[in-house]
Structures are given as structure tokens and as C-alpha cells.
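Structural overview for review
Now for the letters of each chain:
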Amino acid sequence: ARAASAALPVTRAWLAAAIPLAHRADASLPRMPSAEEWRRADAIRQSQNIGQNGGQNVGRPASPSAPTPGPSPPAPTPAFIRSGRVHAPRIPAHAERDGEERRKLAKRLGADESLRRAWAPTNASTPEGCVRVALASLIADPNPHDPHRKTLPETLEFDAERLATLQNEFQRIAVSAACVKIARALVRAKTSARDAKIADLADFRRRLDVLLADPTVRVPDLAAEIAARVARSARKPPPTFADAARSTNHDEAQTVDVAAAETELRGLTDPSAPGGAALLDAVRAALATRLLVGPDIAALATGGRDAGAAA
């Protein structure tokens, strides 16, 4: 063990730095089931899903010349881990007709099922839990990692490209969260209502995703989108036509909102600023919670702040 530790100094420092974060996660989350408890609960869910989806025909009709097979146990219900829920998607009609498409779909569903079974919940205080928390901190790091400069753990040197992709995706999520946070604060300030909400939040997030996927988009573009959503969310219909005719300061007010949104967004996207560091830490904690809880996070009943943010 000492020889391995001496041969992997960057990996050792990386895991050691994650221990305080693992303690924080362990204090904010409920006790996770053991691997054996999770397998038993998963088997019960599988049998329930099989009963609910027993009428769904996902097989191809057997050849008339082929021998009639005996009864076989139903296949496990596939799961898409991105949704956080276990469900059985229907196989599209074109996949039923196309043998190659069907094989590709079956391979993908099998990979999802294998990952879901291997991604069992674990406590942050366990060795595996500490590694998951460390992975979350590595993905959340805004600085690129280069194995040649010894900034990447030796055990992940062959995953440098994959890690860079995950880091970019994490930064997009963090910027999107900053935009939503700023828009919500501006709507509440303009309406003087502490419970005011953003109009059509799902549409706002979709528009942010489109903007953030464009490499030419800059902070002023995001600020303009925030201001437009704030104006839509805080707009109140004038009581009379005369009041509407006298309302001539709409463009001026929206210009002020763009400037305010840009200032706030620059602060929340700067990792060296207090607001930016706090936002990155919150999103990192949500990612760590997701990695610790596993694919069934939607079923987790907890009042923990980090788990609530991840869900």
C-alpha cells in the first residue's frame, strides 16, 4: 500500500483533498442502504415493473420452423438513469421493423441496465463514496487538467478527454443555474413579492441551453435573455388604456435590467469571486449527492439541502 501511495502522489493528494467534502456530504445526507439492501430493494422494484409492463411485447415473432421455446423468465425492465426514475420505454415502431436498429437499441438498453445495477447508493464515508465525492470535485474544478503538468490523477490519465467534456458540461450547468438565480432575484425585486416566480421556467431553461451550446454567445447575450424573461415575468397589465398610453419607460427599464443582470452574472461566473465560488460549490455538492445516491434519487425522502438541490 505504501509503495502504491508513493507511486501515485497526485492521486493521493486528490483523494485526501476530498475527505472534508465527503464528511460534509455524509452529514447532510441520510444513511444509504448497503449494497445487499439495495440489491434486495432493486429486485422488488424489478418484479413490480415486470408485472406492470407484462403486456408490452418487445420481442420479434419466432420463425415457424424454429422449435417452440419453453417458458422463460421475463427480462429485467430497462432504466434510463438520466431521468432518475426506473421506467420501461416503448421500443419505436421503426426499431421493430429494422433488425439493425433493434440490435442497437437492445445494446443501449443493456448498457443502461448494467450501469444502473452497478451504480448502487453508497455512503460518503465509505472508500467508494469518497472516490465519488472526489470525482465530483474534479469535474467541478474550473481549471483544465493536464497529465503532462501533473494536475490530473495518475489513475485518470487515460480519461483526460472525457474529463474535459464533463468539466465543460458542468460549467454550462453552473452558468445556467446562475442565470436562473439572477432572474428569480430580479423578478422578486421588481414585483416586491418574495414568492414571485419566473414565467415558464422550463422554457427559460431550454432557451439558456440553446444559448450556452453556441460558442459565440457572451455574457451580454445571456444578460439580455435574463432581462427579457424578467420583463415578461414581472409585467402587469395596465388597469386602463390611459395608463398604458402613459407608460413610455419600458425600454429604459429593460436596459437597466440588462445592465444589472450582466453585472450579477459576471460575479456569479467568476470562480475567484465569493458569489461565483459559492455557486460552484453548491452545484458540486448537488453533483456529489447525485453520484452518492445513485439512479433512484427521485425516491429519496430527505430534507438535506444538497440532496434537494440535486433532485
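Residues numbered from 1 in each chain as written. Predicted model: local features only at pLDDT ≥ 70, side-chain atom pairs only at ≥ 80, totals over all residues. Heavy atoms only, no water.

1. Here we look at the overall build of the chain
The number of helices and strands found in the chain is 13 helices and zero strands. Each helix and strand of the chain, placed in order from N terminus to C terminus, yields the pattern α-α-α-α-α-α-α-α-α-α-α-α-α. Residue pairs at least 24 apart in sequence account for 71% of intrachain contacts in the chain once pairs closer than 6 positions are excluded. Element-wise, carbon and sulfur atoms account for 57% of the exposed surface of the chain, whose accessible area totals about 19,100 Å². (Helix = DSSP H or I, 4+ residues; strand = E, 2+ residues; numbered from the N terminus. Contact = heavy atoms within 4.5 Å. Areas by Shrake-Rupley, 256 points an atom, 1.4 Å probe, with all protein chains shown as cover.)

2. What to know about the packing of helix α7 (residues 160–191) against helix α9 (residues 219–234)
The contact between α7 and α9 brings their axes to 9 Å, and the two run at 40°. Note on packing geometry: the crossing formed by α7 with α9 is right-handed. Side by side, α7 and α9 meet where Val175, Cys179, Ile182, Ala183, Leu186, Val187, Lys190 and Thr191 of the first sit next to Leu222, Ile226, Val230, Ser233 and Ala234 of the second. (Axes fitted to C-alpha atoms, helices over the stretch in contact; angles between N-to-C directions. Left-handed = near helix turned anticlockwise from the far one by under 90°.)

3. Some points on the pattern of salt bridges
Close approach of charged atoms allows side chains of opposite charge to pair. Counting across every chain of the model gives nine salt bridges. Taking the shortest distance from any N to any O, the salt bridge between Asp203 and Arg206 comes out at 4.0 Å. Here Arg206 and Asp203 lie together in helix α8 (residues 201–212), a separation of three residues that amounts to about one turn. A salt bridge links Arg207 to Glu225; the shortest N-O distance between them is 2.6 Å. Of the two residues, Arg207 sits in helix α8 while Glu225 sits in helix α9, which places them 18 residues apart along the sequence. A residue is classified by how much of its surface remains accessible, and Glu225, at 11% relative accessible area, is buried. Taken together, the shared-partner salt bridges connect Arg24, Asp281 and Arg284 into one network. (Salt bridge = Lys/Arg side-chain N within 4 Å of Asp/Glu carboxyl O. Buried < 20%, exposed > 50% of the residue type's maximum accessible area, 1.4 Å probe, protein only.)

4. Regarding the environment of Thr191
Structurally, Thr191 can be placed in helix α7. Looking at Thr191, the relative accessible area reads 17%, which means it is buried. Expressed as a C-alpha distance, the spacing of Thr191 and Ala234, which sit 43 residues apart in the sequence, is 6.0 Å. Here Thr191 is in contact with Ala196 and Ala234, once residues within four sequence places are set aside. Engagement of the side chain of Thr191 in a polar contact is seen with the backbone oxygen of Val187, the distance being 2.7 Å. (Polar contact = N/O pair within 3.5 Å; in protein donor to acceptor, adjacent residues only side chain to side chain.)

5. What to know about the environment of Ala288
Inspection of the secondary structure assignment puts Ala288 in helix α12 (residues 274–293). In this structure the C-alpha to C-alpha distance between Ala288 and Gly129, which are 159 residues apart in sequence, comes to 9.1 Å. Apart from residues lying up to four places away in sequence, Ala288 is in contact with Val133 and Ala136.

6. Observations concerning helix α2 (residues 9–28)
Each full turn of the α-helix corresponds to 3.6 residues, which orients residues three or four apart in the same direction. Between its first and last C-alpha atoms α2 spans 30 Å; for 20 residues at 1.5 Å apiece the expected length is 28 Å, and the two agree. At Ile19, α2 is bent by approximately 35°, the largest bend along its length, and proline Pro20 sits one to four residues beyond. Listing the buried residues of α2 in full gives Val10, Thr11, Trp14, Ala18, Leu21, Ala22 and Ala25. (Expected span 1.5 Å × (residues − 1). Bend = angle between axes of the 7 residues up to and from the residue.)

7. Digging into the confidence of the model for the chain
Summing up the model confidence of the chain, the mean pLDDT is 75 and the portion of residues at 70 or higher is 65%. This stretch, residues 248–252, has a pLDDT under 50; its non-local contacts, to residues over four places away or in other chains, come to two contacts. (pLDDT = per-residue confidence, 0-100.)

8. Points about the packing of helix α6 (residues 127–140) against α12
Running from N to C, α6 and α12 cross one another at 145°; their axes reach a closest spacing of 9 Å. Relative to α12, α6 is oriented so that their crossing is right-handed. Counted together, Gly129, Arg132, Val133, Ala136, Ser137, Ile139 and Ala140 of α6 and Arg284, Leu287, Ala288, Leu291 and Leu292 of α12 form the full contact between these two elements. Of the residues in the contact of α6 with α12, the class split is eight nonpolar, two polar and two charged. (Nonpolar A, V, L, I, M, F, W, Y, C, P; charged D, E, K, R; others polar.)

9. Some remarks on the nonpolar core
Ranked by internal contacts, the top residues of the largest apolar core, which has 36 residues, are Cys179, Ile182, Phe204, Leu222, Ile226 and Leu265. Looking at this core, the elements that each hand over two or more residues are α2, α6, α7, α8, α9, α11 (250–268) and α12. Tallying contributions element by element places α7 first for this core, with 11 residues. The contacts of Phe204, once residues within four sequence positions are left out, are Cys179, Val180, Ala183, Ile198, Glu225, Ile226 and Arg229. (Core = buried A, V, L, I, M, F, W, Y, C linked by side-chain atoms within 4.5 Å.)

10. Quick word on the side chain of Gln167
Mapping Gln167 onto the fold places it in helix α7. On the basis of relative accessible area, Gln167 is assigned to the buried category, the value being 7%. In contact with Gln167, not counting residues within four places along its chain, are Leu138, Ile139, Asp141, Asn143, Pro144 and His145.

11. Here we look at unusual backbone geometry
You will see that Ser192, though not glycine, has its phi angle at about 55°, which is positive. With respect to the element layout, Ser192 can be found in the loop between α7 and α8. Overall, Ser192 belongs to the exposed group, its relative accessible area being 69%. Here Asp200, not a glycine, exhibits a phi torsion of approximately 50°, which is positive. Residue position: Asp200 is located in the loop between α7 and α8. Overall, Asp200 belongs to the partly exposed group, its relative accessible area being 40%.

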